[in-house]
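The lines below spell out each chain.
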Amino acid sequence: MAGRDRSARDDRTRGATARRAASAAGPGRRGTGNRPAGDRRTPRTPAASVPADGLVVGDVPPVARAAGVALVLAGLAGIAALFPTYLVVGGQELVLGRGLGAVLVGLLVPVASIAVGAGLAVGRVPRLGLAYAGVGGALALGSLLIEVYRGSSSTVRPGIEVLAGERVLTSSVTTGAGWWLSVTALALTVLAGALAAASWGRTVMEDRGALDPARPGLAGAAVLLGVLTVLCLALPAADVPDRLVDDPSTGLEVVVEQQGPQALLERPGLALLGGLLLAGAVVLASVLAPSLRPRLAAVGGLLAVAVTVLAAALAGLRDAVTSDDLEWTVPGAGLLAAGLGYALLTVLAWRLRRAAA
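Residues numbered from 1 in each chain as written. Predicted model: local features only at pLDDT ≥ 70, side-chain atom pairs only at ≥ 80, totals over all residues. Heavy atoms only, no water.

Within the protein chain one finds nine helices and 11 strands. In the protein chain, 78% of the contacts between residues at least 6 apart in sequence involve partners at least 24 apart. Within the structure as shown, the protein chain displays about 18400 Å² of accessible surface, and the carbon and sulfur contribution to it stands at 63%. (Helix = DSSP H or I, 4+ residues; strand = E, 2+ residues; numbered from the N terminus. Contact = heavy atoms within 4.5 Å. Areas by Shrake-Rupley, 256 points an atom, 1.4 Å probe, with all protein chains shown as cover.)

And the structure:
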């Protein structure tokens, strides 16, 4: 009897314990079908969206943002320089933005600087802006020395020059507000380049290397364009044509050479140094720009060379179209072809992103 009583009490105890466990587990935790009662499955969350080229952008240092601000200020100064008096040469007042064509040509580099600099200042794709600023600053250094020579010491050795689309004799030169704004724009561009070089290593931006297979081809084409650009810069893009005159003693027509604008490397002093620096910077930028990482950095470097060369080529074409004394030269046409070639390389480097996608 005692054994049956203990067995009954044990059965009641086990039953009560099972009921308490089931009650504590609740209806949501009871086994249904083949799934265990304690099985919890975490719902799947969609994967984070990643750019097609795997672009990763880190924090942008303040120095890099300052380079973007300097680019924007340089662009604004460049636009403002188009309208006031640039130089008064031999009593003739010159304005950089005389005519719609001159304004459009003069806007090319400033507008590009403002667009790229604004993106860099707010921290978007920073190495694109840094590459543009670095290459543009190197190119602007030579142009800055040439500009200083035009406004300060070009009267030491007077000669025929083409300034703001006009053929003038630099017997006397007086600077105007347009010249000061041009110098300010170039100086700010050089400053932006120095800031970009200082912050390049501290700016994190990388991709999956979609451009890497095409970099050797881009570099080879860019070097060829760089050599062509230097050869074309060595001679004026718009020159004075030779005249045919009758020789009174023989009655035959003879060719008389007229003094035309000075070539890039024919000017003395600061202008010669500036010309050498500009030619060296074009070749060096052509070598380095396609090798910059990531892909968008190569785009920025090539863009800086493209707008600089195109601006010089279009300025020569503008001079030939607007002046009766000047005609477009073969070097001028070659310079335009080189600028268009750089623009094509820039577009190719940009479009390779879609191929990778």
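This is not the end of the story, as more comes after the structure.
Turning our attention to the pairing of strand E5 (residues 166–169). Along a regular strand, successive side chains alternate from one face of the sheet to the other. Summarising the sheet, strand E4 (residues 160–163) and E5 pair through four bridges and their orientation is antiparallel. Bridge assignment links leucine 163 to a residue of E5, and that residue is glutamate 166. Counting the residues that bridge the hairpin from E4 to E5 gives two residues, and of these alanine 164 lies at a positive phi of roughly 55°. (Pairing = 2+ DSSP bridges.)

We now examine the nonpolar core. Tyr132, Leu139, Val305 and Tyr342 are the most contacted members of the largest nonpolar core, which has 47 residues in total. For this core, the elements supplying multiple residues, two or more each, are helix H2 (62–80), helix H3 (100–121), helix H4 (126–152), helix H5 (177–199), helix H6 (215–233), helix H7 (269–288), helix H8 (295–322) and helix H9 (330–356). It is H8 that provides the largest number of residues to this core, a total of 11 residues. When sequence neighbours within four positions are dropped, the list of residues in contact with valine 305 reads Val135, Leu139, Ala285 and Tyr342. Counting 13 residues, the second-largest nonpolar core is a separate cluster that includes Leu87, Ala140, Val168 and Val173. (Core = buried A, V, L, I, M, F, W, Y, C linked by side-chain atoms within 4.5 Å. Buried < 20%, exposed > 50% of the residue type's maximum accessible area, 1.4 Å probe, protein only.)

Position of valine 111 among the secondary structure elements: in helix H3. Residues valine 111 and valine 72 lie 39 residues apart in sequence; the distance between their C-alpha atoms is 8.8 Å.

Turning our eyes to something else, we now look at the environment of valine 109. By the element assignment, valine 109 lies in helix H3. Residues within four places of valine 109 in sequence aside, it is in contact with Tyr132, Val307, Thr308 and Ala311.

For side chains bearing opposite charge, pairing can occur when the charged atoms are close. This model, assessed by the stated rule, comprises six salt bridges. Across the pair arginine 293 and glutamate 206 runs a salt bridge, and its minimum N-O distance is 3.0 Å. Highlighted residues: arginine 293 in the loop between H7 and H8 and glutamate 206 in strand E7 (residues 205–206), separated in sequence by 87 residues. When its relative accessible area of 32% is taken as the criterion, glutamate 206 is described as partly exposed. Here arginine 293 makes a salt bridge to aspartate 212, at a shortest N to O gap of 2.7 Å. (Salt bridge = Lys/Arg side-chain N within 4 Å of Asp/Glu carboxyl O.)

Here we come to the packing of aromatic side chains. Tallied over the entire structure, the rule returns one aromatic pair. The aromatic ring of tryptophan 200 is capped on one face by arginine 127, whose charged end is 4.4 Å from the ring centroid. When the ring centre of tryptophan 350 is taken as reference, the NZ or CZ atom of arginine 295 above it lies at 5.7 Å. (Phe/Tyr/Trp six-rings, centres within 6.5 Å; stacked < 30°, edge-to-face > 60°. Lys NZ or Arg CZ within 6 Å of the ring centre and 35° of its normal.)

To continue, consider the confidence of the model for the protein chain. For the protein chain, mean pLDDT is 81; residues scoring 70 or higher make up 77% of the total. The secondary-structure element of the protein chain with the lowest mean pLDDT is helix H1 (residues 2–25), recorded at 49, while H2 shows the highest, at 96. Predicted confidence for residues 1–9 stays below pLDDT 50, and this span has zero contacts to residues more than four positions away or in other chains. Here residues 24–50 is modelled with pLDDT under 50, and outside its nearest four sequence neighbours on either side it reaches eight contacts, counting other chains as well. (pLDDT = per-residue confidence, 0-100.)

Moving on, we come to the sheet that holds strand E3 (residues 92–94). Pairing within the open sheet is antiparallel, and its three strands lie in the order E3-E2-E6. In this open sheet, the two edge strands, each paired with only one partner strand, are E3 and strand E6 (173–175). Recorded for the sheet is a direction-independent mean angle of 20° between the axes of neighbouring strands. (Axes fitted to C-alpha atoms, helices over the stretch in contact; angles between N-to-C directions.)

Two elements in contact, H2 and H4, have axes separated by 10 Å at closest approach and are oriented at 55°. Between H2 and H4, the crossing angle belongs to the class labelled oblique. The element H2 and its partner H4 pack so that their crossing is left-handed. Contact residues: H2 offers Ala64, Ala67 and Leu71, while H4 offers Gly129, Leu130, Tyr132 and Ala133. Across the contact of H2 with H4, the residue classes break down as six nonpolar, one polar and no charged. (Parallel < 35°, antiparallel > 145°, perpendicular 65-115°, else oblique. Left-handed = near helix turned anticlockwise from the far one by under 90°. Nonpolar A, V, L, I, M, F, W, Y, C, P; charged D, E, K, R; others polar.)

Below, the discussion takes up the side chain of threonine 329. In this fold, threonine 329 is placed in the loop between strand E11 (327–328) and H9. Within the structure, threonine 329 has its side chain in polar contact with the backbone oxygen of proline 236 (distance 2.8 Å). Excluding its chain neighbours within four sequence positions, the residues that come into contact with threonine 329 are Pro236, Ala237, Ala238 and Asp239. (Polar contact = N/O pair within 3.5 Å; in protein donor to acceptor, adjacent residues only side chain to side chain.)

Our next topic: unusual backbone geometry. In this structure, the amide linkage connecting arginine 293 to the following residue, proline 294, adopts the cis form with an omega of 0°. Mapped onto the fold, proline 294 is located in the loop between H7 and H8. A positive phi angle, close to 35°, is found at valine 125, a residue other than glycine. Note on placement: valine 125 falls in the loop between H3 and H4. According to the relative accessible area criterion, valine 125 is partly exposed, its value standing at 31%.

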